[in-house]
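Examination of the molecular architecture
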Amino acid sequence: MKIAVLTSGGDAPGMNAAVRAVTRTAFDRRLASRMGTAALKALWEGKSGVMIGLRGRRTEYVALNEVVGQVRPLDEDLYEIAEVLAGFPEEISYR
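The text that follows walks through the structure, step by step, so that each part is easy to find. The structure displayed is predicted, hence computed values, not measured ones.

Remarks on the pattern of salt bridges
Applying the stated criterion across every chain yields a total of three salt bridges. Linking Glu-60 and Arg-55 is a salt bridge whose minimum nitrogen-to-oxygen distance equals 2.8 Å. The exposure class of Arg-55 is exposed, given its relative accessible area of 56%. Here Glu-60 and Arg-58 are joined by a salt bridge, their closest N and O atoms 3.7 Å apart.

Section: the environment of Met-51
Structurally, Met-51 can be placed in strand β1 (residues 50–55). Distance in space between the C-alpha atoms of Met-51 and Val-67 is 9.5 Å, their sequence separation being 16 residues. Excluding residues within four positions of it along the chain, Met-51 makes contact with Glu-60, Tyr-61, Val-62, Leu-64 and Val-67.

Let's talk about the pairing of strand β2 (residues 58–63)
Strand direction decides the pairing type here: β1 and β2, joined by six bridges, are antiparallel. Across the sheet, the residue bridging to Val-50 is Ala-63, located in β2. Connecting β1 to the next strand, β2, in antiparallel fashion are two residues, including Gly-56 with a positive phi near 65°.

Side note on the side chain of Glu-60
Within the secondary structure, Glu-60 is located in strand β2. Polar contacts involving the side chain of Glu-60 include one to the side chain of Arg-55, which spans 2.8 Å.

The rules behind the values
Residues numbered from 1 in each chain as written. Predicted model: local features only at pLDDT ≥ 70, side-chain atom pairs only at ≥ 80, totals over all residues. Heavy atoms only, no water. Salt bridge = Lys/Arg side-chain N within 4 Å of Asp/Glu carboxyl O. Buried < 20%, exposed > 50% of the residue type's maximum accessible area, 1.4 Å probe, protein only. Helix = DSSP H or I, 4+ residues; strand = E, 2+ residues; numbered from the N terminus. Contact = heavy atoms within 4.5 Å. Pairing = 2+ DSSP bridges. Polar contact = N/O pair within 3.5 Å; in protein donor to acceptor, adjacent residues only side chain to side chain.

Here's what the structure looks like:
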């Protein structure tokens, strides 16, 4: 998908956020359409016990029993980044 965004040029406070929102919204809508289409196809084919996953650029079926109950721990650095961005004092933690 290609998106062209024409901006005002020069200093324009908030323009970066607006451009980012346009591209994210377009990507999210396309992804939702692809996942919804794949889910309907799975129902049409009589599949059950599967979810729709994205691997690279392809949608694929993933058996629920392969993912339910599995724990994928997050990188500790992500917790630290979230705490810094949220402005949490050190005594309050996501962990």
